[in-house]
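# Survey of secondary and tertiary structure
Chain residues, written in single-letter form:
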Amino acid sequence: MKNKILACLMILALSLSVLTLGVLADDDTDPKDILTEENGKNDTDDTSGNTSGNSSDDTSGDTSGNTSDDTSGNTSGNTSGDTSNDTSEGGDQNDPGQDLGGDDPSGNNSGESGDPETPASGNDTQETKTDPEVVASGDCGNTMTWTLTDDGVLLISGSGPMKTFSEASDTPWHDYTDDIKDVIVEKGVYTIAKNAFADCTNLAKVTLPTSVSGFASYAFKGCTSLKELTILGKLTTLPDSVFKGCTSLESITLPSTLKAVNARAFDGCSSLSDVYYAGSEEEWSAVDITSNGNSPLLNAEIHFDGDTPEEPTPTPTPDPDAEPTPTPDPDAEPTPTPDPDAEP
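In what follows, the accompanying structure is described. (Residues numbered from 1 in each chain as written. Predicted model: local features only at pLDDT ≥ 70, side-chain atom pairs only at ≥ 80, totals over all residues. Heavy atoms only, no water.)

### So, the environment of Asp178
Tracing the chain through its elements places Asp178 in the loop between β3 (153–158) and β4 (182–185). Along the sequence, Asp178 and Asp199 sit 21 residues apart, while their C-alpha atoms lie 8.5 Å from each other. The residues touching Asp178, leaving out its near neighbours within four places in the chain, are Thr201 and Asn202. (Helix = DSSP H or I, 4+ residues; strand = E, 2+ residues; numbered from the N terminus. Contact = heavy atoms within 4.5 Å.)

### Points about the pairing of β3
In this sheet, β3 lies alongside strand β2 (residues 144–149) in antiparallel orientation, the contact comprising 5 bridges. Among the inter-strand pairings, Met144 is bridged to a residue of β3, identified as Gly158. Between β2 and the antiparallel strand that follows it, β3, lie 3 residues; Gly152 among them carries a positive phi value of about 85 degrees. Here β3 runs beside β4; their pairing, made up of 4 bridges, is parallel. Counterpart to Ile156 in the pairing with β4 is Val185. (Pairing = 2+ DSSP bridges.)

### Description of the state of the cysteines
The tally for this structure, following the rule as stated, stands at 0 disulfides. Looking at the unpaired Cys200, the closest cysteine sulfur is the one in Cys223, lying at 5.4 Å. According to the relative accessible area criterion, Cys200 is buried, its value standing at 1%. (Disulfide = S-S within 2.5 Å. Buried < 20%, exposed > 50% of the residue type's maximum accessible area, 1.4 Å probe, protein only.)

### Quick look at the nonpolar core
Ranked by internal contacts, the top residues of the largest apolar core, which has 53 residues, are Ile156, Phe197, Phe243, Phe266 and Trp284. Those elements that place two or more of their residues in this core are β1 (134–141), β2, β3, β4, β10 (251–254) and β12 (274–277). Among the elements that make up this core, the one with the highest residue count is β2 (3 residues). For Phe243, the contacting residues outside a window of four places in its chain are Phe220, Leu229, Ile231, Leu238, Ile252, Ala265, Phe266, Asp267 and Cys269. (Core = buried A, V, L, I, M, F, W, Y, C linked by side-chain atoms within 4.5 Å.)

Read these as geometric descriptors, not functional statements.
Written out as structure tokens, the structure reads:
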């Protein structure tokens, strides 16, 4: 009985096989594709959790696995024996170098695009020169003011005479005498008071306008750094000890209106070597110079107005192309002079 049943089943199986082959003969479908499709369907039921390459929404374009429309030919998990396809067992396996959902080809899905901006290095701020700051200021006359800036410039401005200072300590800038390097007196001021700039040991430059016509005693006493001074106003007298102790004073320019130099005006001016006088030598000889304490002035070289060094007369250079002047022959007979009374 059992043998009959087995025989019937075998006949039925053979019939089904023949029928299947007949259908396939009429259909262009490749049996291999049928097997692939069947395996793909089986893989969809796989509970291993490997879904790499089976997602139709994967934007990376990788379709590793069993996708029926895969044009790359990758059929990971297909056991059909095709050596051109991936045959890794157990479904789809993730390629270590595969892009898993990011646009970064390195596989890093940090979400950052490009390199971070490198902060600029260095200090782009350039130092700019600022105006000098005022250190101190005040009045030095009824209509005169003074201003001292942090660069050592003492500016005297206004008009009229300067206030009188009995002692050097009475000047309003006395507390800053060591800071004063340059004195600028603006036009309109016509006197320099007694002890005005005395003991300003760092004072190296003084600018006086043509309006200054009078100096008082000790005005520049002890200005040991003062090297030169130009007086352009209509000054008539250099008072007693006006430049006493100015050991660095090398040159001074004096106006032609000067008439007298009082005692010790240049006392201690051991460096004085040149005096520039705006007048003539005759006018200088008429200036009354007290000899007491003024030997530096008397021993200095006096330069008078208009004095300029004489330029040497250039020696003419002979022209090498010029013809030499013929030398007369001493033995030659002289040319006879025609007789005006002779007949032609």
